[in-house]
Structure formats: C-alpha cells, structure tokens
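Breakdown of the fold
Take a look at the letters that make up each chain.
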There are 2 protein chains.
Amino acid sequence: MKTRIGILGYGNLGRGTEIAVAAAEDMELAAVFTRRDPSTVSIQTKDVPVVCIQEIEAWKDKIDVLILCGGSATDLPVQTPLYASMFNVIDSFDTHARIPEHFKNVDEAAARSGHIGLISVGWDPGLFSLNRVYANAILPNGKDYTFWGKGVSQGHSDAVRRIKGVKNAKQYTIPIEEALEAVRNGEDPELTTREKHLRECFVVLEEGADATEVEKEIKEMPNYFADYNTIVHFIDEEEFKRDHSGMAHGGFVFRSGRTGVNQENKHIIEYRIKLDSNPEFTTSVLVAYARAVKRMAAEGVTGCKTVLDIPPAYLCTQSGDELRAHFL
Amino acid sequence: MKTRIGILGYGNLGRGTEIAVAAAEDMELAAVFTRRDPSTVSIQTKDVPVVCIQEIEAWKDKIDVLILCGGSATDLPVQTPLYASMFNVIDSFDTHARIPEHFKNVDEAAARSGHIGLISVGWDPGLFSLNRVYANAILPNGKDYTFWGKGVSQGHSDAVRRIKGVKNAKQYTIPIEEALEAVRNGEDPELTTREKHLRECFVVLEEGADATEVEKEIKEMPNYFADYNTIVHFIDEEEFKRDHSGMAHGGFVFRSGRTGVNQENKHIIEYRIKLDSNPEFTTSVLVAYARAVKRMAAEGVTGCKTVLDIPPAYLCTQSGDELRAHFL
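Residues numbered from 1 in each chain as written. Chains lettered and ligands numbered in written order. Predicted model: local features only at pLDDT ≥ 70, side-chain atom pairs only at ≥ 80, totals over all residues. Heavy atoms only, no water.

What to know about the overall build of chain A
Helix and strand content of chain A: eleven helices and 14 strands. A globule of 328 residues ought to have a C-alpha radius of gyration of about 20 Å, and chain A, at 22 Å, matches this closely. Over its C-alpha atoms, taken along the principal directions, chain A stretches across nearly 65 × 60 × 35 Å. Of the roughly 14,000 Å² of accessible surface on chain A, 47% is carried by carbon and sulfur atoms. Averaging the positions of the 37 positive and the 48 negative side-chain charges in chain A gives two centres separated by 2 Å. (Helix = DSSP H or I, 4+ residues; strand = E, 2+ residues; numbered from the N terminus. Rg over C-alpha atoms; globule rule 2.2 N^0.38 Å. Areas by Shrake-Rupley, 256 points an atom, 1.4 Å probe, with all protein chains shown as cover. Lys, Arg positive; Asp, Glu negative; His and termini not counted. Charge placed at Lys NZ, Arg CZ, Asp CG, Glu CD.)

Have a look at this one:
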C-alpha cells in the first residue's frame, strides 16, 4: 500500500512537495490542506481534494505522514506541535537557534499522541547537518566550515524591502571563491564574516526615492549587511521580474581534520550542493524522510526526531539486499 | 566507562586504528591481536598487551568491539564470521561484488552468537555508500558518478609488480579533470572507462629488464590497464622510496538529478574527500562506527549491519541535545 501524504500549506514548499510525491512510486497525495478558501487553490494532481484546514481532524486515519509546508518564523512553531497531536508530521523548521525549544514542544505533543514529529528536514538544517555530524565523528580533531550560496536569502531580501523608498528587492548570498579555495587546500584559514560571503542586492526603487540614501542604508544595516562587503544594483521592475525570479541556491560544508601520531596527516571532506530550485530540492528531502517516518511509525517509534536519528536505509524504497548489492 | 577496543592485525590499518582510538576520549585500547610472534610486534600505546591470536577467546569479556584490520581478499571472509561468534566486530571489507555473500556469512555467525558484525566500513564502501544512498533517495530521477583518486590502487600496483622484470611499482588512479567538470556543470555526460580515470605507473626495473617490453605488457594488460590511458615512468629505487611511499588518496561521489513538473530543474550533489593517509582516514571511520556498535549492542541489536543501518547520531560522543544545539 502506498504511503498516503498530506500537504499543509500550498506555497513554494507545498508545490514542491506535490511534485516530489508524484515522482515517488511508493507514495500518493491524499489531500492538500489550506488556510485559504479551498476553492481558490488549484493544485497539479488530479482527483486530490483541497481541504479547509478546519476539517483536517477528519483525515486522521487517511494520512500516513503530514508534510508541513509553512514558514519557520510563525507557522511551524505553532503548527508542528499542534498537528503532531493528530498525525505523523515532518517540517523544515530552519531557525537554528530555536531548534532545541521547537524540539521540546514537538516531542511533548508527539509522545503524548503516539506519533512521530520529524523536524528541521531540508538541506540546512538537514543534509548539511548530517555532513557536519558524520565528519566531526570521523575527524574529531579539525575545523568546520559552512558556506551558503550563491542563492537568495529571504531574510536579507525582506530587510532591504523594509527600507523606505524600496519597491522590490532580492539579495544574493555569494560564497567568496578565495575562501573556498583556502579551505579546500587545507590551509585551515581563520575567516571573518566579510571574508566568507559577499552580499549582492538588486533593488527596484519607488518613484522619487534617493538611490544614494537607500544604498547607504543597506550597506550600514547592522547584523544584515554592516559586516559584509555589499554590492547594490538599482534596476527597473521589468529587469527584476525577468532576471531575479529564480529560486536557485546551494552551499558547501567542509571538515578539515588531522590524524597521525604527530597530527601530520591532513584530510578534507567537502559536501557541495548546487540547486536550480531551493524549494523543490528541500521538499525532495522532506518526501524521502516521509518514507522513513512511515517505517519508524510502523515500528512503534514516537516523539520528536531529527535526521540525525534516522538510519540512511530508511529513506529508500529498495530492500536491504538491493541496497547492499547496488549502493554499498 | 570507556569503550574497550581490540585490534586484530597490526599493519597499516591496525596502526591507524590505534591512532584513532588514542584520539577518542571515550575509548581505550584493550589489546592488539596478531598472527605473528607477539614479541616481534611493537605498538605505540603504553601498557597495552600484544596478544597471540590463538589466545583471543580469553578476551571475550574484556573487549566491547573488535576491529578487524586484515585484507578483503583472504583475511576478512574468514575472520569476520569467525570472530563475530565471540565479539562485536567491525571490518572494512571492500570487495563490492562479494558484499552480499560476506553479509550472509557474518549475519549467520553474529545472529547465532548474539553479537553485531558491522561490515564494509571505510570510505568506499562506507562514506561514499552513504552519499550514494542519501542522494538517490532524495533525487530519484538522476545519474550517479563515482571517481577515485588521486591515489594508489593496491590491486593495480600488485598487478604491475607481478610482471617479469619489475622490481617494484606503484600505480596511481587519477580522475580526469574534464570529466569531473562536465559532471559538476550538470552536463550528465556518458563517460567511458577511459574518460573517467587515468592510470599512472612508477616502475623500478630489475637489472637487465627490457623497459619497452614491460611498458607494453602493462598497457595491454586486460581488465587492469587495457581500457585506460596509462602513463608509465621508469625510476630508480631511491626516487621510488623518496617520492612514492605516501598513502594519499581521495575521490568524488556525484548525484545529478532533476525535479519539476517538466523535470526542468537540475540539482548537483557532490561529496569529495582528499586524504593524506588512506589507512588513517579509513580507521577513523572504523573507530567512529565502533561507538555505534557498542550503543546498538547495549540496545540488544544482533546480526550483520552496514553503515546504511546506523543513525548518524550513534557515531557521536555528544548527546542528542548537544547535537541538536550545535550541529543540526
């Protein structure tokens, strides 16, 4: 029997999840839940209902895993514990600093209801976390580096858009090539914030806004830009729509470690991803982990889990025999 | 209480394991077992006995995990099932084609004795396998590429040494840069054997041997060299010892996949390692997994396992709370 997936929230992540479920031969989409008027939400998959979120409880026995496609700022802190009381759930909660608190809330709700709440699934946190953990366990004496980009930072784009006189804006985080090379070459550099990433902004101004003022305000914005070299381009709305609607992203995780009687041998582990579509890749990770959640639930596992708790084989459709013969 | 590690076999892997155990604060070396006369084996760690292999059974209750440091050709197929009947064991069995058979033998022995036999731990099989499995689960529609090197292939070096007139030889497997770049750029190339790797041999001849003959014999050797471009250098013994005693190695695993309603978005996952010492890195992986074996054994797990069966957190000294706060 196929794994029955529910999607909560039909934005970029919801649409990505729908595509990833369609690509998985062992899964089927059961329903899409929305806070909007369902009649205004049109999905790709035929014969699958769009359901008002108020009615979700009626679906308790019709869904194996509910994939939460809301945002980390306000949606998931509420939704993940709430829906873990009715379903096995997965989210992509990515506010690193608040993960311990989120874990605790989800763990209480999921343990009480006898479900699994798998949190912080995606690429960072997610695949990058896996790589940090494996590499640190293997090379306990070493240094970690994470670089993000090139890709759009939603938080930084929002910050620019809040500036008076800005009509629209996109901010790209760009890893600095010299820094990547120094790490890759085993130089173990001490890198400042400014030496790791560059920030590049494409800004559409409101009519009559002062470009010099806006540029100054961006570059001096504390936390977001002041510690970085920032390039600001002013463009018109047409160019903005044409060239800056993409959702490409990527990044790098490095571990540089030493072994040997006198620590004389150096080893570099590099994990890199280059993505045309950040939401479609993120949801591909979510859907692979939905497979693991269903399997763990069948084993009687409950409570909050993360990718660190899950055996890699659980993500796969293949049997152990097949994996050992073809992938090991 | 520290995890008590036993080492069986004190060659390159045995010495590497000893170093990795010394670097792990939660482990201690209990004994080194050898087939040689123990009085001829001198180890680094103070106050640890070197014990004749015949006496190993007396150590059954004094060792948590026995790390098998023999070779895959003849040692491990016998040793891993044999010692899984007395200990929790880990090996680095790397003959890919024979893994299913090895798994079966170890599984029977370990299940019967109530121990864990963790096989094929290292980087390929091992970390590369993990990356193939994660990436395939996440991007089901795509292509895999594995490249090895630059590094010494023991099998190819041995093959050259068996040629009449060859006194000594080292063979380096070198990934071809153009092929790596094509994969990294998302071109999804169809690569022949010859287009993926180059083979470079450094050969010391016996006195009076015919260089032209030896070079021809190397380049035309079926399976080992005939399908590759091969470069042969003849050098003297002094240069051989000076420049070709290193044990550096490395490699790349790529997954190139597509998502989207019309498969319009491309994603590249790249995992790369660059190692100064192949045996020291391999044994660092073995020792991290020894931690997992002890933990699973305490949970009552038995039988044969691979890296695909083990949650990443089990490799770590840190608690779940610490991992979530600092690595996720």
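Observations concerning helix α5 (residues 154-161) of chain A
Residues and elements named next belong to chain A. Looking only at α5, the buried set comprises His156, Ser157, Ala159 and Val160. Take α5 and look down its axis: the buried residues cluster within an arc of 160°, on one side only. Where the residues of α5 are buried, they touch β8 (151-152), β9 (166-175), β10 (197-205) and α8 (211-219). (Buried < 20%, exposed > 50% of the residue type's maximum accessible area, 1.4 Å probe, protein only. Arc of directions from axis to C-beta. Contact = heavy atoms within 4.5 Å.)

Observations regarding the nonpolar core
Formed by 161 residues in total, the largest nonpolar core has its most connected members in Tyr289 of chain A together with Tyr289 of chain B. In this structure Tyr289 of chain A touches Ile90, Leu118, Val121, Leu130, Val307, Ile310 and Leu315 of chain A together with Tyr134 of chain B, once residues within four positions along its chain are discounted. (Core = buried A, V, L, I, M, F, W, Y, C linked by side-chain atoms within 4.5 Å.)

Observations regarding the interface of chain A and chain B
Contacts between chain A and chain B engage 64 residues on the former and 64 residues on the latter. Carbon and sulfur atoms supply 65% of the area buried between chain A and chain B, which totals about 5,400 Å² over both sides. Linking chain A to chain B there are 25 residue pairs in polar contact (both at pLDDT 80 or more). Where the side of chain A that touches chain B is concerned, the elements lending two or more residues are α3 (99-113), α4 (127-138), β13 (265-275), α10 (278-298) and α11 (320-326) of chain A. Residue contributions to the side of chain A that touches chain B peak at eleven residues, all from β13 of chain A. Here the residues of the side of chain A that touches chain B are counted per class, giving 36 nonpolar, 15 polar and 13 charged. Relative to strand β13 (residues 265-275) of chain B, β13 of chain A runs antiparallel, the two sharing nine bridges. Bridging from a neighbouring strand, Lys274 of chain A pairs with Ile268 of chain B of β13 of chain B. (Buried area = accessible area lost by both parts, 1.4 Å probe. Polar contact = N/O pair within 3.5 Å; in protein donor to acceptor, adjacent residues only side chain to side chain. Nonpolar A, V, L, I, M, F, W, Y, C, P; charged D, E, K, R; others polar. Pairing = 2+ DSSP bridges.)

Quick word on the relation of the copies chain A and chain B
Relative to chain B, chain A is turned by 180° and slid 0.0 Å along the rotation axis, the superposed coordinates differing by an RMSD of 0.0 Å. What the superposition gives is, in effect, a two-fold axis relating one chain to the other. When the interface residues of chain A are mapped onto chain B, 100% of them are again interface residues, pointing to one common binding face. (Least-squares fit on C-alpha atoms with pLDDT ≥ 70 in both.)

Details of the side chain of Ser284 of chain A
Position of Ser284 of chain A relative to the elements: it lies in helix α10. Of the residues examined, Ser284 of chain A reaches a relative accessible area of 5% and is grouped as buried. When near neighbours in sequence (up to four residues on either side) are disregarded, Ser284 of chain A contacts Ala20 of chain A together with Ile138 and Thr259 of chain B.

Observations concerning the pairing of β10 of chain A
Residues and elements named next belong to chain A. Among the nine residues that make up β10, seven are buried, leaving the element largely enclosed by the rest of the structure. Pairing of β9 with β10, which is carried by nine bridges, proceeds in the antiparallel orientation. For Lys170, the partnering residue across the bridge sits in β10 and is Phe202. In terms of strand pairing, β10 meets strand β11 (residues 229-234) through six bridges, oriented parallel. Each residue of the ladder has a partner; that of Leu198, found in β11, is Asn229.

The values are spatial; any link to function lies outside them.
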